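# Residue-level structural notes
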Amino acid sequence: MDTNTRLKSLLTASVIALATIASPALAEGVDAGTLIENTASATYDDGTGLQSIDSNTVTVRVDELLDVTVTSLDPGAIATRPGEEVLTFEITNTGNGPEAFELVAEPAVAGNDFDTTVTDIAVDTNGNGIYDPGIDEILTAPQTTAILDADASLTVFVIVEVPGSAVDGDTSDVDLSARAVTGTGEPGTVFAGQGVDGSDAIVGATGAQDNEVGTLQVGSAAVALTKAVSITDPFGGDSAVPRATATFTLTATVNGSGSVDDLIVTDAIPDGTTYTPGTLALDGSALTDASGDDAGEASDASGISVDLGTVAGGTTRSITFDVVID
């Protein structure tokens, strides 16, 4: 192979190598603004010995890809009733550069049995996944997130008001959308010079916008409470005589498709009897008599109290305790 042929071959290989290195510049995962630099080289023999030369250095700045996803963090339809309700979503910057996103919550969705009123969109400021009024930041219009780094996520809450006209079984969707502040459009749309460090911003596969719905389902609920007693006397029978033990069973049943909150069952110790310490139980599991240890507390003076908290419709809870007839 002569010198000119060798030189052409080397230069061709260098150009191919440079093109190969430059092509992944927009590959997902490479940070926007990253500089990809490459210098080719060639060696040749000019008859006086082996020579080498370098090409000019080519620099490619990685453009910013604009992408986002919106995900509902609720496990399913949220059981609700007229009044305030909270839907939880996650916004993820799936682009390769820092970006802020404008949020819009739309309560009027086709197929709704009723439409809510969106009162606020809030950011999970303390990161506990629960809406804390007075702590979590309420976004002001236009409701826009802080700038999120690439791959960063943010939990947001959509606070709505369920109307009094909503009835048991009605459902309603709320659609939350997120749009890149830099811009949206068809994938491949270019916003020249608006990316990191003066790079271009390129709309990614999501169109730089996404949306997700959260669902509410109205359910009414009511509590039925029944009380039963069984007697065991000292002789192995069931006569209510002095020193006989009376076991009371309180059954709380929540009916309906909704749920009730702060359900507390209380009962006084009947006159003429004495509470048997350590016999308070919930669904067959022992509770302590002391206040603050668990859901229950009991004493002769105060009777028994069991805090059942939030109980869904279709649930039955059973409380038992013993007294001795004086």
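Our subject is the structure that appears above.
What comes next is a walk through the structure. None of these values were measured; they are calculated from a predicted model.

This part covers the sheet that holds strand S17 (residues 259-267). Strand order across the open sheet formed by three strands is S17-S22-S21, with antiparallel pairing between neighbours. Looking along the sheet, the strands with just one partner apiece sit at the ends: S17 and strand S21 (296-299). The average angle at which neighbouring strand axes cross in this sheet is 15°, direction not considered. In terms of strand pairing, S17 meets strand S22 (residues 303-312) through seven bridges, oriented antiparallel. Following the sheet pairing, Asp267 is matched in S22 by Ile304.

With that out of the way, let us pick up the side chain of Thr80. Residue position: Thr80 is located in strand S5 (residues 78-80). Residue class for Thr80 comes out buried when judged on its relative accessible area of 3%. In this structure, Thr80 is in contact with Glu85, Val162, Leu216, Gln217, Val218 and Gly219, ignoring residues within four places of it in sequence.

Residue position: Asp136 is located in the loop between strand S8 (117-123) and strand S9 (137-138). Among buried Asp, Glu, Lys and Arg side chains, Asp136 stands out as unpaired, with Arg81 the closest opposite charge at 20 Å. A polar contact of 3.0 Å, which involves the side chain of Asp136, links it to the backbone nitrogen of Thr125. Within polar-contact distance, the side chain of Asp136 engages the backbone nitrogen of Asp132 at 2.7 Å.

This paragraph deals with the pairing of strand S16 (residues 245-256). Two elements, strand S15 (residues 221-232) and S16, share twelve bridges in a ladder whose sense is antiparallel. The residue of S16 that forms the bridge with Thr232 is Thr245. Alignment of S16 against strand S23 (residues 315-325), held across ten bridges, turns out to be antiparallel. Of the residues in S23, the one forming a bridge with Thr249 is Thr320.

Tallied over the full model, the rule gives two salt bridges. The shortest N-O distance in the salt bridge between Lys227 and Asp267 comes to 2.6 Å. Pair noted here: Lys227 is in strand S15 and Asp267 is in strand S17, with a separation of 40 residues, a long-range link. Arg317 serves as the salt-bridge partner of Asp283, at 2.6 Å between the closest nitrogen and oxygen. Here Arg317 lies in strand S23 and Asp283 lies in the loop between strand S19 (281-282) and strand S20 (285-286), a separation of 34 residues in the sequence. Assessed through its relative accessible area of 40%, Asp283 is described here as partly exposed.

The subject of this paragraph is the nonpolar core. Membership of the largest hydrophobic core comes to 31 residues, with the highest contact counts inside it found for Ile91, Leu103, Val156, Val158 and Leu176. With near-sequence residues (within four places) excluded, Leu176 lies in contact with Val70, Phe89, Ile91, Leu103, Val104, Ala105, Ile121, Val156, Val158, Asp210, Asn211 and Glu212. The next biggest cluster of nonpolar side chains, apart from the first, holds 21 residues, and it includes Leu263, Ile269, Leu287 and Phe321.

What follows covers the sheet that holds strand S14 (residues 209-218). Pairing between the strands of a sheet is mediated by backbone hydrogen bonds and can be parallel or antiparallel. Taking strand neighbours across the sheet as the criterion, the four strands line up as S5-S14-S11-S7 in an open arrangement whose pairing is mixed. In this open sheet, the two edge strands, each paired with only one partner strand, are S5 and strand S7 (101-106). The sheet shows a mean angle of 25° between the axes of neighbouring strands, direction not considered. Bridge count between S5 and S14: three bridges; the pairing is parallel. The partner of Ile78 across the bridge, within S14, is Leu216.

Within the secondary structure, Asp271 sits in the loop between S17 and strand S18 (273-275). In this structure Asp271 comes out as exposed when scored by relative accessible area, which is 79%. Linking Asp271 and Ala150, residues 121 residues apart in sequence, is a C-alpha distance of 69 Å.

Parameters and conventions
Residues numbered from 1 in each chain as written. Predicted model: local features only at pLDDT ≥ 70, side-chain atom pairs only at ≥ 80, totals over all residues. Heavy atoms only, no water. Pairing = 2+ DSSP bridges. Helix = DSSP H or I, 4+ residues; strand = E, 2+ residues; numbered from the N terminus. Axes fitted to C-alpha atoms, helices over the stretch in contact; angles between N-to-C directions. Buried < 20%, exposed > 50% of the residue type's maximum accessible area, 1.4 Å probe, protein only. Contact = heavy atoms within 4.5 Å. Lys, Arg positive; Asp, Glu negative; His and termini not counted. Salt bridge = Lys/Arg side-chain N within 4 Å of Asp/Glu carboxyl O. Polar contact = N/O pair within 3.5 Å; in protein donor to acceptor, adjacent residues only side chain to side chain. Core = buried A, V, L, I, M, F, W, Y, C linked by side-chain atoms within 4.5 Å.

From the geometry alone we can't say anything about function, so treat these as descriptive.
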